[in-house]
Amino acid sequence: MTTMAKEPKSARGKAAKSAKAGAAGAAAKRGPARVRESREAKRARALEVIGRLREAYPDAKCALDHENAYQLLAATILSAQCTDERVNQVTPSLFARYPTPEDLAGAKQEELESIIRSTGFYRNKAKSLIGMATAVVERHGGEVPAEMEALTRLPGVGRKTANVVLSNAFGKAEGVVVDTHVKRLSGRLGFTRETDPEKVERDLMALFPRELWGDLEHLLIFHGRAVCKAPRPRCGGCTVADLCPSAAV
Ligand code: SF4
């Protein structure tokens, strides 16, 4: 899953952030912090990071267009290996043709494939969508369930997708969404040493209070898109450079 991210103020105001850039430069000379950080210090630093990201991205939210849990579930399945922008181009036609789980359950595979083709892996995604919708109709009376266990039993729905739906459609914090951005930034920011998404999620759940789990996902994704990019993070314009053990490395 991906998000539309605006350039944060910090990336534009070079002069105002010169002190932070200096901190990033100093960190670059030192390399990643090797001093063992106490649990309390790590938690305080993590909360400060989230506070600053909240200032930088006050509008951070789910970027998949949706009006209900069914639409968000289908859009999230489509977002695997695909940008949110592309998914948002496809879903209006998809939901016009199949407005309810009952409609999608009765879809013809070939017709569905032709609608979602541009999102990639369209054969498997079409199978997952039909399977998901069929299970929602047969097991849950046409209503997307609001429980982790029931969601993850639906075809094509893993823990990450279930977390997206629970958090954004039902307002339930059952876990933390760990996508490629959340995983990368959690490692760079020293929130976890794990790389397996479920272990990363476990570390984030232990580090942050539950009320922050939903925002955490959006803030890290926005920052990953705008500044802490996958190939080359732009540490010189990063609002949390002085709090990051990987700054400018
Ligand atoms: S851009 Fe990423 S790696 Fe660089 S300081 Fe910011 S959070 Fe750390």
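As the structure is a computational prediction, the values presented were derived from the model and not from experiment.

A short note on the overall build of the chain
Of the regular secondary structure elements, the chain holds 13 helices and 0 strands. Helices and strands appear in the chain in the N-to-C order α-α-α-α-α-α-α-α-α-α-α-α-α. For the chain, contacts bridging at least 24 residues in sequence account for 66% of all contacts bridging at least 6.

Thoughts on helix α8 (residues 122–140)
With 19 residues, α8 should reach 27 Å at 1.5 Å per residue; the first-to-last C-alpha distance of 26 Å fits that figure. Within the span of α8, buried status applies to K125, A126, S128, L129, I130, M132, A133 and V136. Where α8 is buried, its residues meet α4 (69–78), α6 (101–105) and α7 (109–116). Just downstream of α8, G141 is the residue with a positive phi angle, here 60 degrees.

Details of the site of the ligand
Near the ligand, the surroundings consist of 14 residues, among which C228, P233, C235, C238 and C244 are the closest. Its residues placed into classes, the shell around the ligand shows 11 nonpolar, 1 polar and 2 charged.

Comments concerning the packing of α7 against α8
Running from N to C, α7 and α8 point in directions that differ by 120 degrees, and their axes come no closer than 9 Å. In terms of orientation, α7 and α8 fall into the oblique class. Taken as a pair, α7 and α8 cross one another with a handedness that is right-handed. Residue-level inspection shows Q109, L112, E113 and I116 of α7 in contact with α8, the latter providing Y122, R123, K125, A126, L129 and I130. Taken together, the residues of the contact of α7 with α8 break down into 6 nonpolar, 1 polar and 3 charged.

A short note on helix α5 (residues 84–97)
Helical periodicity: at 3.6 residues per turn, an α-helix aligns residues three or four positions apart in one direction. The end-to-end C-alpha distance of α5, which contains 14 residues, comes to 20 Å, matching closely the 20 Å that a straight helix rising 1.5 Å per residue would cover. At V90, α5 shows its maximal kink, close to 35 degrees; a proline, P92, follows between one and four residues later. Buried within α5 are the following residues: D84, V87, T91, L94 and F95.

Comments concerning the nonpolar core
The biggest cluster of nonpolar side chains holds 64 residues, and the ones touching the most others in it are L72, L73, A74, L129, M132 and V165. Looking at this core, the element that brings in the most residues is α4, giving 8 residues. Residues contacting A74, with those up to four places away along its chain left out, are L94 and L129.

With respect to the environment of G224
Structurally, G224 is set in helix α13 (residues 213–226). Each C-alpha atom, one on G224 and one on K183, is 9.9 Å from the other, the two residues being 41 residues apart in sequence. If we skip the residues at most four places from it in the chain, G224 touches H181, R184, L185 and K229.

Section: the confidence of the model for the chain
Summing up the model confidence of the chain, the mean pLDDT is 89 and the portion of residues at 70 or higher is 86%. Across residues 2–33, confidence stays below pLDDT 50; counting only partners more than four residues off in sequence or on other chains, it has 57 contacts.

Details of unusual backbone geometry
For Q81, which is not a glycine, the phi torsion comes out positive at approximately 55 degrees. The topology assignment puts Q81 in the loop between α4 and α5. Using a count of 9 C-beta atoms within 10 Å as the deciding quantity, one classes Q81 as exposed. Phi at F121 is positive, roughly 45 degrees, even though this residue is not glycine. Mapping F121 onto the fold places it in the loop between α7 and α8. Using a count of 14 C-beta atoms within 10 Å as the deciding quantity, one classes F121 as partly exposed.

About the criteria used
- Residues numbered from 1 in each chain as written.
- Predicted model: local features only at pLDDT ≥ 70, side-chain atom pairs only at ≥ 80, totals over all residues.
- Helix = DSSP H or I, 4+ residues; strand = E, 2+ residues; numbered from the N terminus.
- Contact = placed C-beta atoms within 7 Å.
- Expected span 1.5 Å × (residues − 1).
- Buried ≥ 20, exposed ≤ 12 C-beta atoms within 10 Å, placed from the backbone.
- Near = placed C-beta within 6 Å.
- Nonpolar A, V, L, I, M, F, W, Y, C, P; charged D, E, K, R; others polar.
- Axes fitted to C-alpha atoms, helices over the stretch in contact; angles between N-to-C directions.
- Parallel < 35°, antiparallel > 145°, perpendicular 65-115°, else oblique.
- Left-handed = near helix turned anticlockwise from the far one by under 90°.
- Bend = angle between axes of the 7 residues up to and from the residue.
- Core = buried A, V, L, I, M, F, W, Y, C linked by C-beta atoms within 7 Å.
- pLDDT = per-residue confidence, 0-100.

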